[in-house]
Structure formats: C-alpha cells, structure tokens
Amino acid sequence: MSGIIKVEDNIEFYYEDSGTNGLDLSNYTTVVFIHGMGFNGAVFRRMFPFASSHNYRLVCPYRRGYTPSTPWTDEEVALYKSADVEDGKKHLRLAGLQIARFLVQFAASQSIPKHNEEQKTGGIILIGWSLGTLYLNATLANVDGLVAEELEALKSYLHAVIYFDTFAVALGIDEPKTIGFKEEYFTLPVPERWAYFQRFVGGFFTHRNRRSRDLADLECSEWHEDRPASLQDITEEEHEKLTSMEMYATHDLGTLIMQPEVIGSANRRALFDVGMAKYLPKVKIRFLVGTEGPGLFLYALHQLEKSLEEGPSVVFGESAERARDIQLTYLERGNHFVFWEEPRWALKQFRACLEG
C-alpha cells in the first residue's frame, strides 16, 4: 500500500504502508520509519510481511526531495547552504515540523488507535535510520513550533523514538578522522563516490571489542570482502526504486556539512534540554546499533554511553543536561541494513528495546 499526506498547502509526503490486514484495529501500533542517505522509504519493505505478528502497522514516508514527495524549494535549499547558523536552524526547524505534522495528519486521516500507556498498545513509534536520525532530532527540537491542537494530538500518539545507527556528525559532535571516510572519497566523481558509499555502509565489519570505547578496537574501513554487502545482489531496476543518487549528492550531503553548531543545537534541544522535554514528557528515547556495521556507528553509541555515565555536558557541551528517558542497546549482530538482511529478527529488536 502507499499514499500521500499533505502537511501544508503545497507540501506532500508520499509513504509506503504495510496496511492493517491481520491487525487488531482497536489497538495496533503504528511504526513510522525515517530513511537515511540516498535510500528512500521503500528500503524498509522487507519488514512488512512480519509487521502484523507484532500488531504493528509500518509506515515509511519518503523525505522531502525523494520523488514523489514534494521537492525542496530554492529558498529552502539556500537556508541549509547558508554560512549563517540561524539559517541552518531555520532549515532543520522546517524539516522537523513537517515530520511532526506528517505524524499528526497521518494519525487523523487514518484514525489510528491512540497510545494506551497502561496496555502499551496503539500510538506511534518513530524510528530514524542513519541520516534519518538527524531528522528525529529536528522533530523533537522544534515541537514548540506546533500550534496547541497539533501538540496535543502528537502527545496522544507519539510515545517512543528510536535512533538506529546514528553517527557523530548527526549528533553535532566531532568525529575522529580515523573512523570517517578517507580523504580521497570526497574527490571521486559522484557516481563512483555513490557506489563506494553503498559498499561501505552495506558491508560487514569485525570489531575487536565493540564496547571498549578504544578506537583501536573498531574496524572503520575494511569490510569483509568474502561476504556480499547488502543490496549488492538486487537488479538495477530494483535498485533504482530504492535509491536517489541525486539526493545523496545534493541535499543529504548538504545537510551534513552545515555549520556544526546547527546540528549540535538540534541535538541538545531534542535530547538534552529540560524545557524542550516538557513538550513531550513521556516519550521514551532509545538508541540501537548493529555490531557488524562500520565502526563510526559504534563510536556514536560510545559517546552517548559516556554522556549518560559522566553527564551530557561532557560530550555535548555545557548547556546539555539530563532531560529524557534514554537507553542504549548494542545488538548481538547485524550490519547497517539488518532490517533488509534479517527483517523478522530486526523487527523483534526494535520491539524489544522498548520493553526493557
């Protein structure tokens, strides 16, 4: 199934939908996935057949710019390209409010069950993957821009936000050069860079110690050559339906190279600001990481772990404070595309992290 949600007069989000077959229509839970860099919402389809066994309805919007969702306007693009920090913040505020309004409008248009806190059913779980985690922060950081009716509606549905495989840049903190892409990567022609990127993020890596917080224990560049990377075996036609090289090379890359303070501010407001947390006080925050993906994803969880142990300000700056119910989970296995490789198991992990 698929559909369109209009969040403003001229802005629409296309979405994929596992539907309601096999669900208890009185209490099913809606799980909304926000996709990452270069891949659209269709990348989550492999989980659809297993959704009803959890009484889940999976909904996967295509972010702005991913056809057939509404493109970004020239004026909006100028905001994230600007050297002015305030312009960057305006761009993320637009993006975050539009996702919040997608949730509210989808809930209303589909008459989905509201969250029942006692029975732990209904409502919405919002999951961001990879670059999609930046948009989770953009959403939570800007719910103060919703009108009262929208905010009350969101409160009655949204009860959990899951960050799967986030990374340091998306959290607004420095990333050691040893765990990022090699310098020559950025000099490659776009088609070659795009091909390398897919092989890198889709690869399987072996880490000496995934929990030690010692960079020397993380494998950050050499994947298993004898194990096929995720999505390498699909047809060209299938690949085109899942991806957008143009968005990878333009808007997605552009948002990542915004002023660090733009992204850092969104992260602090979303997760480490007592005042902002009061807008959605009961929302659980969970971070998951696959332990067979590139080391950069494990590094991000190590930094989050440090912030929970020593205080958020140690990692995220002096204005960061303890504000939300945050828990971290290291999966026993799984690369960056575990939901593609093992969709049934991955869905169980998303559910399990909320039950702890």
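Residues numbered from 1 in each chain as written. Predicted model: local features only at pLDDT ≥ 70, side-chain atom pairs only at ≥ 80, totals over all residues. Heavy atoms only, no water.

Caption draft 1: Here's a closer look at the nonpolar core. Formed by 122 residues in total, the largest nonpolar core has its most connected members in F102, F339 and F350. With 10 residues, the single largest contributor to this core is helix α3 (residues 85-110). Each residue touching F339, except ones within four places of it in the same chain, is listed here: V43, F44, R46, M47, W129, F164 and A346. (Core = buried A, V, L, I, M, F, W, Y, C linked by side-chain atoms within 4.5 Å. Buried < 20%, exposed > 50% of the residue type's maximum accessible area, 1.4 Å probe, protein only. Helix = DSSP H or I, 4+ residues; strand = E, 2+ residues; numbered from the N terminus. Contact = heavy atoms within 4.5 Å.)

Caption draft 2: Seen up close, the packing of α3 against helix α5 (residues 148-157). Where α3 contacts α5, the axes come no closer than 10 Å and their chain directions differ by 75 degrees. With respect to each other, α3 and α5 are oriented roughly perpendicular. Note on element contacts: α5 touches α3 through E150, A153, L154 and Y157, opposite A100, R101, L103, V104 and A107. Partitioning the contact of α3 with α5 into residue classes produces seven nonpolar, no polar and two charged. (Axes fitted to C-alpha atoms, helices over the stretch in contact; angles between N-to-C directions. Parallel < 35°, antiparallel > 145°, perpendicular 65-115°, else oblique. Nonpolar A, V, L, I, M, F, W, Y, C, P; charged D, E, K, R; others polar.)

Caption draft 3: Geometry of the side chain of T29. When you line up the elements, T29 lands in strand β3 (residues 29-34). In this structure the side chain of T29 is engaged in a polar contact, spanning 3.1 Å, whose partner is the backbone nitrogen of G122. Beyond its immediate stretch of four places on either side in the chain, T29 contacts N55, Y56, R57, T121, G122, G123, I125 and H159. (Polar contact = N/O pair within 3.5 Å; in protein donor to acceptor, adjacent residues only side chain to side chain.)

Caption draft 4: Structural view of α5. Residues of α5 that are buried: E150, L151, L154 and Y157. One side of α5 carries all its buried residues, which in axial view fall inside an arc of 130 degrees. Across α5 from its buried face, at more than 90 degrees, point the exposed residues A148 and E149. Buried residues in α5 make contact with α3, β5 (124-129) and β6 (158-164). (Arc of directions from axis to C-beta.)

Caption draft 5: Seen up close, unusual backbone geometry. Here T67 and P68 are connected by a cis peptide whose omega angle stands at 10 degrees. On the secondary structure map, P68 appears in the loop between β4 (56-61) and α2 (74-81). The phi torsion at S130 lies on the positive side, around 60 degrees, for a residue other than glycine. With respect to the element layout, S130 can be found in the loop between β5 and α4 (132-140).

Caption draft 6: Fine view of the packing of aromatic side chains. Summed over the entire model, instances satisfying the criterion amount to 34 aromatic pairs. With 6.1 Å between their ring centres and 70 degrees between their planes, Y15 and F102 make a pair best called edge-to-face. Here Y15, found in strand β2 (residues 11-17), pairs with F102, found in helix α3; they are 87 residues apart in sequence, far enough to count as distant. A single burial state applies to Y15 and to F102, both of which are buried. Centre to centre, the rings of F44 and F339 are 4.9 Å apart; their planes meet at 50 degrees, and the pair counts as tilted. In this pair, F44 sits in the loop between β3 and α1 (48-51) while F339 sits in helix α14 (residues 338-341), placing the two residues 295 residues apart along the sequence. (Phe/Tyr/Trp six-rings, centres within 6.5 Å; stacked < 30°, edge-to-face > 60°.)

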